[in-house]
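# Structural overview
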Amino acid sequence: MAVAAALLSLIPFVYLLLRVFGAGFEGFIELALATRTLELIVSSLLLAISVSLSAMLIGTFQAWIAVRSNLPGRKVFGVLAALPLAIPSYVAAYSWVAVIPGFSGFFAAWLLLTVGTAPLVYISVSAALARFDSAPEEVASSLGAGKFAVLRKVTWPNIKGATLSGGLLSALYVLSDFGAVSIVRYDTFTRAIYNAYRASFDRNLAATLALILVAVTVLVLVVESRSKGRKPIGTVIANRLNRIDLRIWKLPLVALLTGIASVSLVVPLASLTRWSIVGLPDTDWQEISEALFSSIYLSVSGGMITALLAVAIALVVVRFKTRLGFVLERSVWLTHATPGIVVALSLVFFSNQVAPWIYQTLILVLIAYVALFLPNALSAISIPLSQSPTSLDEVSASLGLTKLQTLRRVVLPIAGPGIFAATTLVILTVLKELPATLLLRPTGVETLATRLWTETGVAAFSTAAPYALLLVVLAGIPAWLLNRAIRKDLEPINGLERV
Amino acid sequence: MNKKNSWLAPLSLALAGTLTLGACASPAPTDSTESITIYSGRSEELISDLLTTFTEETGIEVEVRYGDSAELAAQILEEGKNIRADVYFGQDAGALGALAKEGVTKTLPPDITDLVATEYKSMNGQWVGVSGRGRVFVYDPAKVSRLPTSYKDLMDPSWKGRIGIAPTNASFQAFTTAIRVLEGEQAAIDFLNAMRENGVLFEKNSIIMQAVQDGVVYAGLVNHYYWWELAAEIGEENMKPEIAWFKDGDTGNLINVAGVAVLSDNPSANVFAKWLLGDTAQKYFVERTREYSLTGIPEVAGLKPLKDIKAPAIDLSNLDSLAETLELIRKAGLL
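Calculation rules
- Residues numbered from 1 in each chain as written.
- Chains lettered and ligands numbered in written order.
- Predicted model: local features only at pLDDT ≥ 70, side-chain atom pairs only at ≥ 80, totals over all residues.
- Heavy atoms only, no water.
- Helix = DSSP H or I, 4+ residues; strand = E, 2+ residues; numbered from the N terminus.
- Buried < 20%, exposed > 50% of the residue type's maximum accessible area, 1.4 Å probe, protein only.
- Contact = heavy atoms within 4.5 Å.
- Areas by Shrake-Rupley, 256 points an atom, 1.4 Å probe, with all protein chains shown as cover.
- Pairing = 2+ DSSP bridges.
- Salt bridge = Lys/Arg side-chain N within 4 Å of Asp/Glu carboxyl O.
- Core = buried A, V, L, I, M, F, W, Y, C linked by side-chain atoms within 4.5 Å.
- Polar contact = N/O pair within 3.5 Å; in protein donor to acceptor, adjacent residues only side chain to side chain.
- Phe/Tyr/Trp six-rings, centres within 6.5 Å; stacked < 30°, edge-to-face > 60°.
- Lys NZ or Arg CZ within 6 Å of the ring centre and 35° of its normal.
- Right-handed = clockwise from strand over helix to strand, strands pointing away.
- Patch = residues over 30% accessible without salt bridge, like charges linked within 9 Å, V, L, I, M, F, W, Y side chains within 5 Å.
- Lys, Arg positive; Asp, Glu negative; His and termini not counted.
- Charge placed at Lys NZ, Arg CZ, Asp CG, Glu CD.
- Axes fitted to C-alpha atoms, helices over the stretch in contact; angles between N-to-C directions.
- Parallel < 35°, antiparallel > 145°, perpendicular 65-115°, else oblique.
- Nonpolar A, V, L, I, M, F, W, Y, C, P; charged D, E, K, R; others polar.

### Description of the overall build of chain A
- Regarding its fold elements, chain A presents 21 helices and 0 strands.
- The proportion of buried residues among the 499 residues of chain A is 59%.
- Long-range pairs, those at least 24 residues apart, make up 85% of the contacts in chain A with a sequence separation of at least 6.

Rendered as structure tokens:
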């Protein structure tokens, strides 16, 4: 099952190779060395790096405040830190442009994508902080280390891995994003790929650009795995967790966090609400409810199937440390930064070659979701699964349980929260997905995202806004659940604190 | 206690449900002559009523996939030997030309192509335009006293910050391609550089209209029907912008078309193509979408008749090479 899942996610890559080398190798080399390509690499990487750095800074800071400080309202700020995940980047961009008509360029793209992807870092770091026992920190301070020294030498090494993997998700998201960068007119690879289809109808050019983008992705992955280095092994569940007194910093920090929330949530939501009120009289409720149903149906089944396959891969990778496992785990990342349109077209091509009967059915749509979002699920599952110590397996074996029973009764319960997080994360992402859904859906099926696309295509923003608002509210549910799952991890600790 | 089963049950249910639904939704290729599948780059809002009328009049059922013109064209090409669409209904001549170039279109019989003048169809009968859209100059008469006679007049520094354009929009790009093809690359570069200085950039034509109405800019370059779109929203009597054309033969007067190509041997596909050029459909384009009829149905009141417009002489099939144009637009810093 794990192998099959990994193979699915490699389809786009194989497709790109076929397209590019079908057109001849010289063309590829020529284009790869063109100045324009170089410019795109620089502009894409510049955006990806600066966004992921600022997202790591903001997300880690928010997580630390929510989990480890005594700031008043930290729970609220925690929810506010996760909620921007519910806003698709194209919706955020539209709503900003509706407020500030000239909103464009590098700064605009950086701002939108930073607040849009910081929640990925926030979630991953919060989970790590919640699992990390603060005893070593206390030992360090009792030995005379200052607060910053403790942060730097004890806390940071323990959350570094989580910060970096959140940053990686952020960087890869930036590389594959089309909505935000096209609306604020910042040139990246993905935008050039879409333009290759839209303007010159040139599939080979688009494929060549996409293949170069895959190469850039590999580069990012290599750099990331190098910089991770050896990470200290965290404890399974924290026993103690002290909160740091922020004293006079409370007020400025509340102001800062409120500022971040205004940029990431208040502006888009206010803009959407305003336009929704304008557009409400013309709203077709039957259309909305049908779209709502399809969105829920597709995202829930997509989330569950993807999470199931991610568990399979994670088990192979983490529990049975084989070479095959490593290759599988890395290979699913290969196409993660590939734009949705390329993934969708590769599946159009493959299904028509191999299994025409699944083309334009929900099966193919779900396959696309697996190919696109397996890495998201995998990143949420791997860490909790690796934290269930293998010694427990041995104990359970010594008590006469079979491997399958051990898996069911020992490993999966420990990894339960991770699986839950993975499922909700994919549900959330599928809800927002547009290009693959648009191209692969069965004829006549409309989701909130495709309706939103249709409406913005013809009429004023006001007709589209109710769909956008509903989509954001709906996606808010898994975003909120995701945040609550992290808080649940904290509950036993908070209980201890009171004792 | 049994934590696992709590999420396993809904999962298996979802899986089973998916497979069943998936099987039901499996598209039957339209082998029946009484039904056709259309891939439409034109939006549902604008043409779904038209398609309903088609079914009522001919008894031919229609299944439609709506999408972006160019992405649907790419999808058709990736379908390879299993093309599901009988008809492709595209927003502009460029996408139709691209499909014809790849050899997936069927030659239309002369009883269809003869209905339309030479400049609005493919040279060798691979696609045919069904409705026309004019490139126009919209302006606020309270602010613009002397009308430009050519799009080139807008390059004058006096227009700085006053003219609205939408460079990411296909209609602006087709217009720039026309300049490139008819007047040479340098003319296009000069125009774009001047627009970088003078132009105010918008995402879409409809937003330019609103900006002229609100006094944000003095004037804009848009397709003609956007005037009526705004008028429908706020009432014709409240419209500040007016429409003007440039001098005869000016490239600024480009007429582009939306059109169809037939992709299968299903005879109903040709019936549909021909029906689109019949009176019912042509009247619909004139009255509902405010486009130009290509078969001589009179224009909506207040719109300059198609026969009086001296458009630039360009083969619309040449609009399929937008790549060079995009490169120029990007170099000028407008994309």
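### What to know about the overall build of chain B
- Within chain B, the regular secondary structure consists of 12 helices and 10 strands.
- Relative to all contacts within chain B whose residues are 6 or more apart in sequence, the contacts with residues 24 or more apart total 75%.
- Here chain B displays about 13500 Å² of accessible surface, and carbon together with sulfur accounts for 52% of that area.

### Focus: the pairing of strand S3 (residues 87-90) of chain B
Residues and elements named next belong to chain B.
- Where burial is concerned, the two faces of S3 agree: the one with Val87 and Phe89 and the one with Tyr88 and Gly90 are both buried.
- Bridging between strand S1 (residues 35-40) and S3 involves 3 bridges; their strand directions are parallel. Looking across to S3, one finds that tyrosine 39 is bridged to tyrosine 88.
- In terms of strand pairing, S3 meets strand S9 (residues 255-262) through 4 bridges, oriented antiparallel. Across the sheet, the residue bridging to phenylalanine 89 is valine 260, located in S9.

### A closer look at the pattern of salt bridges
- Taken as a whole and assessed by the stated rule, the structure comprises 14 salt bridges over all chains.
- In this structure, A:Glu287 engages A:Arg451 in a salt bridge whose closest nitrogen and oxygen atoms are separated by 3.7 Å. Separated by 164 residues along the polypeptide, A:Glu287 in helix H13 (residues 285-319) and A:Arg451 in helix H20 (residues 448-458) bring together distant segments of the chain.
- Within this structure, A:Glu287, A:Arg451 and B:Glu44 form a network of salt bridges that share partners.

### Topic: the nonpolar core
- Counting residues in each nonpolar core, the largest one holds 235 residues, and the members touching the most others are A:Tyr197, A:Leu440, B:Tyr88 and B:Leu276.
- At 17 residues, helix H16 (residues 362-386) of chain A tops the list of elements feeding residues into this core.
- Apart from the residues within four sequence positions on either side, A:Leu440 is in contact with A:Ala344, A:Leu347, A:Val348, A:Gln360, A:Thr361, A:Leu364, A:Val365, A:Ala368 and B:Arg65.
- Core analysis: the next-biggest nonpolar cluster, separate from the first, contains 26 residues, B:Phe137, B:Val144, B:Tyr151 and B:Ile179 among them.

### With respect to the side chain of B:Glu79
- When you line up the elements, B:Glu79 lands in the loop between helix H3 (69-78) and S3.
- Polar contacts involving the side chain of B:Glu79 include one to the side chain of B:Tyr39, which spans 2.6 Å.
- Other than its neighbours up to four places away in sequence, B:Glu79 contacts A:Val348, A:Asn352, A:Tyr359, A:Gln360, B:Tyr39, B:Arg84 and B:Ala85.

### Structural notes on the packing of aromatic side chains
- Counting across every chain of the model gives 21 aromatic pairs over all chains.
- Taking 3.8 Å as the distance between ring centres and 15° as the angle between the ring planes, the aromatic pair formed by A:Phe178 and A:Tyr194 counts as stacked. In this pair, A:Phe178 sits in the loop between helix H8 (147-176) and helix H9 (179-183) while A:Tyr194 sits in helix H10 (residues 189-200), placing the two residues 16 residues apart along the sequence.
- For A:Phe178, a relative accessible area of 18% gives the class buried.
- Aromatic side chains B:Phe137 and B:Phe246 sit 5.8 Å apart centroid to centroid with 50° between the ring planes, which places their arrangement in the tilted category. Placement of B:Phe137 in strand S4 (residues 128-139) and of B:Phe246 in the loop between strand S8 (242-244) and S9 is noted, with a sequence separation of 109 residues between them.
- Through pairs of rings, three or more aromatic residues link up here, namely B:Phe137, B:Tyr139, B:Trp159 and B:Phe246.
- Positioned above the aromatic ring of A:Trp275 is the side chain of A:Arg274, whose terminal nitrogen or guanidinium carbon lies 5.0 Å from the ring centre.

### Observations regarding the environment of A:Tyr173
All names here are of chain A.
- Position of tyrosine 173 relative to the elements: it lies in helix H8.
- Each C-alpha atom, one on tyrosine 173 and one on leucine 209, is 17 Å from the other, the two residues being 36 residues apart in sequence.
- Those residues within four positions of tyrosine 173 in sequence are excluded, and the remaining contacts are Ser89, Leu113 and Thr117.

### Details of the pairing of strand S2 (residues 61-66) of chain B
Residues and elements named next belong to chain B.
- Two elements, S1 and S2, share 6 bridges in a ladder whose sense is parallel. Paired with threonine 37 across the two strands is glutamate 63, which belongs to S2.
- Assessed by its sense of winding, the connection that carries the chain from S1 through helix H2 (residues 44-58) to S2 is right-handed.

### Re the environment of B:Ala323
- Here B:Ala323 lies in helix H12 (residues 323-331).
- Spatially, the C-alpha atom of B:Ala323 lies 9.3 Å from that of B:Thr177, the residues being 146 residues apart in sequence.

### Side note on a negative patch on the surface
- A surface patch of like charges, here negative, comprises A:Asp282, B:Glu45, B:Glu229 and B:Glu233.
- Position of B:Glu233 relative to the elements: it lies in helix H9 (residues 225-234).
- Taking the relative accessible area as the measure of exposure, B:Glu233 reaches 55% and is therefore exposed.

### Here's the deal with the packing of helix H5 (residues 89-99) of chain A against helix H12 (residues 250-279) of chain A
All names here are of chain A.
- Following both chains from N to C, one finds H5 and H12 inclined at 75°, their axes separated by 9 Å at the closest point. When the axes of H5 and H12 are compared, the pair comes out roughly perpendicular. Here Val91, Ser95, Trp96, Ala98 and Val99 of H5 lie close against H12, whose contacting residues are Val263, Val267, Pro268, Ser271, Leu272 and Trp275.
- Its residues assigned to classes, the contact of H5 with H12 comprises 9 nonpolar, 2 polar and no charged.

Read these as geometric descriptors, not functional statements.
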